[in-house]
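# Structure assessment
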Amino acid sequence: SALLAGLPVAKQPLRVLRNQSYINLYDAQQRQSRAVAFRIDPNPGPHAAAPQQFFADPRLPQRSVQELQRGPWQPQPLAPAAALAQTYSAVGANEAHLVSNLVPMAAGTELVWQRLMHELTVCYPKRFGEMWLYVGPVTGPQSPQLTSGVPIPDSLYAIAFDLTASGGLRAIAFLVPQHAADAPLHHYLTSIAHIEQLTGLQFLPEVDYHAREVLRATVSPGLW
């Protein structure tokens, strides 16, 4: 399953868009995803190249790529095509380019996000095996908007989980601000609790309360 320990809980209604390669918690009011959940298999399947264009999502007929573009802001996938193609081949690559998986990013942010996604979806599975990820934007009441009314994320978050050999659950969390500096990835480490505070989401609702409190409060001292 794309989910680990339950569907994240939100304070406001979100639409659950289920795809073969990921689950998207979509905010119809903001016309933007709040969280994308996906699983990465450590054994890559057949190679599939990323499409050259983005695709409309028939479940969201009013959403278009054009409304995510303005000046330095360009639509980019939250869950990257290369990562989804690794487990789901061409289906994953195509689903990554659905407009519902896109958010506006600045050029510098895009580069840092791509480095982070490569670390979490390519390097980590090779070392630790199966991985689960939650990724999404962080917006607030004061977030700037494109002319279409779509909010520009203040930052992007990523939470990666894996199961240890002893059956334990561990996590590592990142928060990448817009216009992020091209710094080492450990500069963007944060806690799940901080991401929950910013997004209003609660992750891992099916995990025992005490174990979840320890996991969500922990900030990894460095990259795994």
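Below you will find a few notes about this structure. Computed from a predicted model, the values in this text were never measured in an experiment.

Cut-off values and rules
- Counting restarts for each chain, with residues numbered from 1 along the sequence as it is written.
- Two thresholds apply to this predicted model, a pLDDT of at least 70 for residue-level local features and 80 or more for giving and counting side-chain atom pairs, whereas whole-chain, interface and lining totals are computed over all residues.
- By convention in this description, side-chain values take in all heavy atoms of the structure and omit both hydrogens and water.
- Burial here depends on accessible area, computed with a 1.4 Å probe over protein chains only, as a share of the maximum for the residue type. Under 20% is buried, over 50% is exposed, and the range in between is partly exposed.
- Every helix listed is a DSSP run of H or I at least four residues long, and every strand listed is a run of E at least two residues long, numbered separately from the N terminus.
- At least two DSSP bridges between two strands are needed for those strands to be called paired.
- Joining through side-chain atoms within 4.5 Å is the link that ties buried Ala, Val, Leu, Ile, Met, Phe, Trp, Tyr and Cys residues into a set, and such a set is a nonpolar core.
- Residue contacts follow a heavy-atom distance rule, with two residues in contact if any of their heavy atoms lie within 4.5 Å.
- Here an angle of 0 to 180 degrees is reported between the N-to-C directions of two axes, which are lines fitted to C-alpha atoms, with helices fitted over the stretch in contact.
- Oblique is the label for every angle not falling under 35 degrees (roughly parallel), over 145 degrees (roughly antiparallel), or within 65 to 115 degrees (roughly perpendicular).
- Residues are grouped as follows: nonpolar covers Ala, Val, Leu, Ile, Met, Phe, Trp, Tyr, Cys and Pro; charged covers Asp, Glu, Lys and Arg; every other residue, Gly included, is treated as polar.

This part takes up the pairing of strand 4 (residues 32–40). For strand 4, the tally of buried residues reaches 9 of 9 residues, placing the bulk of the element in the interior. Where strand 3 (residues 23–27) meets strand 4, 5 bridges bridge the pair, whose relative direction is antiparallel. Paired with leucine 25 across the two strands is alanine 35, which belongs to strand 4. Counting the residues in the hairpin turn of strand 3 and strand 4 gives 4 residues, including arginine 31, whose phi is positive at 55 degrees. Pairing of strand 4 with strand 7 (residues 131–138), which is carried by 5 bridges, proceeds in the antiparallel orientation. From the neighbouring strand, arginine 39 faces strand 7, where its bridge partner is tryptophan 132.

Pairing between strand 2 (residues 15–18) and strand 3: 4 bridges, direction antiparallel. The residue of strand 3 that forms the bridge with valine 16 is leucine 25. Linking strand 2 to strand 3, which pair antiparallel, is a turn of 4 residues.

In this section: the nonpolar core. Ranked by internal contacts, the top residues of the largest apolar core, which has 37 residues, are Phe38, Trp113, Leu116, Leu120, Val135 and Ile172. Of all the secondary-structure elements, those providing two or more residues to this core are strand 4, helix 1 (81–96), strand 6 (102–105), helix 2 (107–128), strand 7, strand 8 (155–163) and strand 9 (169–177). Residue contacts for leucine 116: discarding those within four places in its chain leaves Ala158, Phe174, Val176 and Leu185. Counting 24 residues, the second-largest nonpolar core is a separate cluster that includes Ala2, Ala5, Phe161 and Leu175.

The next thing to look at is the sheet that holds strand 10 (residues 189–190). One open sheet accounts for 7 strands, arranged 2-3-4-7-8-9-10; its pairing is antiparallel. On the outer flanks of this sheet lie strand 2 and strand 10, each paired with one strand and no other. Relative to strand 8, strand 7 runs antiparallel, the two sharing 7 bridges. Note that in strand 8 the partner of tyrosine 134 across the bridge is isoleucine 159. Across the face of the sheet, helix 2 comes into contact with strand 4, strand 7, strand 8 and strand 9 while running at roughly 165 degrees to strand 9.

Phi at serine 89 is positive, roughly 55 degrees, even though this residue is not glycine. Residue placement: serine 89 occurs in helix 1. Looking at serine 89, the relative accessible area reads 23%, which means it is partly exposed. One non-glycine residue with positive phi stands out, namely leucine 204, at about 55 degrees. By secondary structure assignment, the location of leucine 204 is in the loop between strand 11 (201–202) and helix 4 (209–217).

With that settled, the discussion passes to the packing of helix 3 (residues 192–199) against helix 4. How two helices pack is summed up by the angle between their axes together with the distance between the axes. Two elements in contact, helix 3 and helix 4, have axes separated by 6 Å at closest approach and are oriented at 90 degrees. Taken together, the axes of helix 3 and helix 4 are roughly perpendicular relative to one another. Where helix 3 abuts helix 4, its residues Ile192, Ala193 and Glu196 lie against Arg212, Leu215 and Arg216. Of the residues contributing to the contact of helix 3 with helix 4, the split by class is 3 nonpolar, no polar and 3 charged.

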